[in-house]
Structures are given as structure tokens and as C-alpha cells.
Amino acid sequence: MSLSRIVRFMQVIELPTEFEAIVEQLIGRSDGSFDETFVRSLVADLVSRFDDARVRDYVEVLVTKEAADELRRLRGSLSPDVVVSS
């Protein structure tokens, strides 16, 4: 693991407000398998992948799905019914 990756892991990752609910929802659905720092980092990474997207209407939905899929893959038990809160 590179030093820059370690430093990023230790920093508080700030997200746009609309993604805070997604982080909380994913943490709740994971039954404590993943801590907030990990989930926040995963969501931040996914959000950054859509930075240049021309259409931003569905970014929250796409980030939620991708994050839930990744956590499910890592753990094998995250419920697929994670939805975006409005």
C-alpha cells in the first residue's frame, strides 16, 4: 500500500450532502461488517468516477448500486434492496 493511499485512508473524507444518506444506509445494511471510514471511502471513489458525467441525474442511484454490489461481493450478504432516500 502506498503512502498516499494510507494518508487518504486516514483523512476524513467529505462527501456532497446527498451521498451522506447513502453511506449511512449502506452501513446499516452491512450489519456492522464495514466501518464508516471504509464505506465513505468506497462511496467517495465511486462519486469521483462520475465527476465528468454529462448527465448527473442518476449518479446517486449508480453510486448506490455500485457500492452495494461491491460490499455484497466483499461480504456476500448485503441486501440487494438498498435504495436511495429522497
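Up top is the structure.
Please read all numbers here as calculations on a predicted model, not as lab measurements.

Colleague: Run through the nonpolar core, naming residues and quoting values.
Modeller: One finds Phe19, Leu26, Val39, Val43 and Val63 to be the most contacted residues of the largest nonpolar core, which totals 20 residues. Secondary structure elements with two or more residues in this core: α2 (17-29), α3 (36-49) and α4 (59-75). Top contributing element to this core by residue count: α3, with six residues. Excluding its chain neighbours within four sequence positions, the residues that come into contact with Val63 are Phe19, Val43, Leu46, Val47 and Phe50.

Colleague: Lay out the pattern of salt bridges in plain terms, naming residues and giving numbers.
Modeller: Tallied over the entire structure, the rule returns six salt bridges. With its nearest N and O atoms 3.0 Å apart, the salt bridge here joins Arg49 to Asp45. In this pair, Arg49 and Asp45 are both assigned in helix α3, four residues apart and thus about one turn of the helix distant. Residue Asp69 is joined to Arg72 by a salt bridge in which the shortest nitrogen-to-oxygen separation is 2.8 Å. Of the two residues, Asp69 and Arg72 both sit in helix α4, three residues apart, roughly one turn of that helix. Taking relative accessible area as the criterion, Asp69 reaches 29% and is therefore assigned partly exposed. In this structure Arg72 comes out as partly exposed when scored by relative accessible area, which is 23%. A single network of salt bridges, built from pairs that share partners, joins Glu20, Glu36 and Arg40.

About the cut-offs
- Residues numbered from 1 in each chain as written.
- Predicted model: local features only at pLDDT ≥ 70, side-chain atom pairs only at ≥ 80, totals over all residues.
- Heavy atoms only, no water.
- Core = buried A, V, L, I, M, F, W, Y, C linked by side-chain atoms within 4.5 Å.
- Buried < 20%, exposed > 50% of the residue type's maximum accessible area, 1.4 Å probe, protein only.
- Helix = DSSP H or I, 4+ residues; strand = E, 2+ residues; numbered from the N terminus.
- Contact = heavy atoms within 4.5 Å.
- Salt bridge = Lys/Arg side-chain N within 4 Å of Asp/Glu carboxyl O.

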